[in-house]
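Next come the chains, spelled out residue by residue.
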2 protein chains.
Amino acid sequence: MIDGEVVESEGLRYTPAGIERVVFKLRHTSMQQEAGMQRQVQCDIPALALGEAAQQVSRVQLGQQVRAEGFLAQRSLKIAQLVLHIDNVTLK
Amino acid sequence: MIDGEVVESEGLRYTPAGIERVVFKLRHTSMQQEAGMQRQVQCDIPALALGEAAQQVSRVQLGQQVRAEGFLAQRSLKIAQLVLHIDNVTLK
């Protein structure tokens, strides 16, 4: 589960099999404790939503803060980049 | 929180400030539900542990299954690659 702001979204598209698909980025900013020190964290997380989750994401406006649940996977067999696959988003 | 196998570890080193530091990879494999279908997920997640967490990780053998807790951050200001910063690992 991770909180972030929806930045950059390709909007609702469809896979060749006709499943709804949204590719977007989630900008996460927080303070975290690490080795006894407070630190700021910011990262842009590549994210992908399919099916019902894609419909949810497509209704979210750019700049909106959301809480996202999902799982990490590699972008493809050959590309090791991590992509957050979204199961569920809720507005914050 | 994510489960995975510790693969590749540089072993215990120290930051210039003398804080323990371990850079390693966590290989995550699971089945996930996505858009109503079961899918297999495998990804190698770059991971970093500092301080006490680094001591914990340094005692874990390669190939060991662990449960890791932490947060995602960018590798650096300029490199957007995601790195999992470890707060805590437990053996599985």
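Residues numbered from 1 in each chain as written. Chains lettered and ligands numbered in written order. Predicted model: local features only at pLDDT ≥ 70, side-chain atom pairs only at ≥ 80, totals over all residues. Heavy atoms only, no water.

Let us look at the interface of chain A and chain B. Each partner contributes residues to the interface: chain A has 23 residues there, and chain B has 23 residues. Of the roughly 1,900 Å² buried where chain A meets chain B, counting both sides, 67% is carbon and sulfur surface. The tally of links from chain A across to chain B stands at zero salt bridges. Applying the counting rule to chain A against chain B returns four residue pairs in polar contact (both at pLDDT 80 or more). Looking at the side of chain A that touches chain B, the elements with two or more residues in it are strand E3 (20-34), strand E4 (37-50), strand E5 (65-74) and strand E6 (82-91) of chain A. Among the elements that take part in the side of chain A that touches chain B, E4 of chain A stands out by supplying eight residues, more than any other. For the side of chain A that touches chain B, a count of residues per class yields twelve nonpolar, seven polar and four charged. (Contact = heavy atoms within 4.5 Å. Buried area = accessible area lost by both parts, 1.4 Å probe. Salt bridge = Lys/Arg side-chain N within 4 Å of Asp/Glu carboxyl O. Polar contact = N/O pair within 3.5 Å; in protein donor to acceptor, adjacent residues only side chain to side chain. Helix = DSSP H or I, 4+ residues; strand = E, 2+ residues; numbered from the N terminus. Nonpolar A, V, L, I, M, F, W, Y, C, P; charged D, E, K, R; others polar.)

Residue and element names in this part refer to chain A. As defined by bridge partners, E3 adjoins E4 across 14 bridges and the pair is classed as antiparallel. Residue pairing in the sheet places Lys25 in a bridge with Pro46 of E4. Once E3 ends, the chain turns through two residues before running back antiparallel as E4, passing Ala35 with a positive phi of about 50 degrees. In this sheet, E6 lies alongside E4 in parallel orientation, the contact comprising three bridges. Pairing of Ala47 across the sheet is with Leu84, part of E6. (Pairing = 2+ DSSP bridges.)

Attention now moves to the side chain of Gln32 of chain B. Mapped onto the secondary structure, Gln32 of chain B falls in strand E3 (residues 20-34). At a separation of 3.2 Å, a polar atom in the side chain of Gln32 of chain B contacts the side chain of Ser30 of chain B.

Residue and element names in this part refer to chain B. With respect to the secondary-structure elements, Val57 resides in helix H1 (residues 52-58). Exposure remark for Val57: the relative accessible area of 4% places this residue in the buried category. Counting along the chain gives 17 residues from Val57 to Gln40, while the straight-line C-alpha distance between them is 26 Å. (Buried < 20%, exposed > 50% of the residue type's maximum accessible area, 1.4 Å probe, protein only.)

So, on to the layout of surface pockets. One number sums up the size of the largest pocket: a volume of about 530 Å³. Lining the largest pocket we find 23 residues, and of these Met1, Ile2 and Leu72 of chain A together with Met1 and Leu72 of chain B sit closest to its centre. When contributions to the lining of the largest pocket are tallied by element, the ones reaching two or more residues are strand E1 (2-9), E3 and E5 of chain A together with E3 and strand E5 (65-74) of chain B. Looking at the lining of the largest pocket, its residues break down into 13 nonpolar, six polar and four charged. Of the volumes computed, that of the second largest pocket is approximately 340 Å³. (1 Å grid on protein atoms, 1.4 Å probe; cavity = no way out; pocket = protein on both sides within 12 Å on 5 of 7 lines; lining within 4 Å. Points joined across faces, edges and corners; volume = space filled by probe spheres on them.)

On to the nonpolar core, then. Where a protein is soluble and globular, its nonpolar side chains tend to be buried together. Phe24, Leu26 and Ile86 of chain A together with Phe24, Leu26 and Ile86 of chain B are the most contacted members of the largest nonpolar core, which totals 40 residues. If sequence neighbours within four positions are ignored, Leu26 of chain B has contacts with Ile2, Gly4, Glu5, Val6, Cys43, Asp44, Ile45, Val66, Ala68 and Leu84 of chain B. (Core = buried A, V, L, I, M, F, W, Y, C linked by side-chain atoms within 4.5 Å.)

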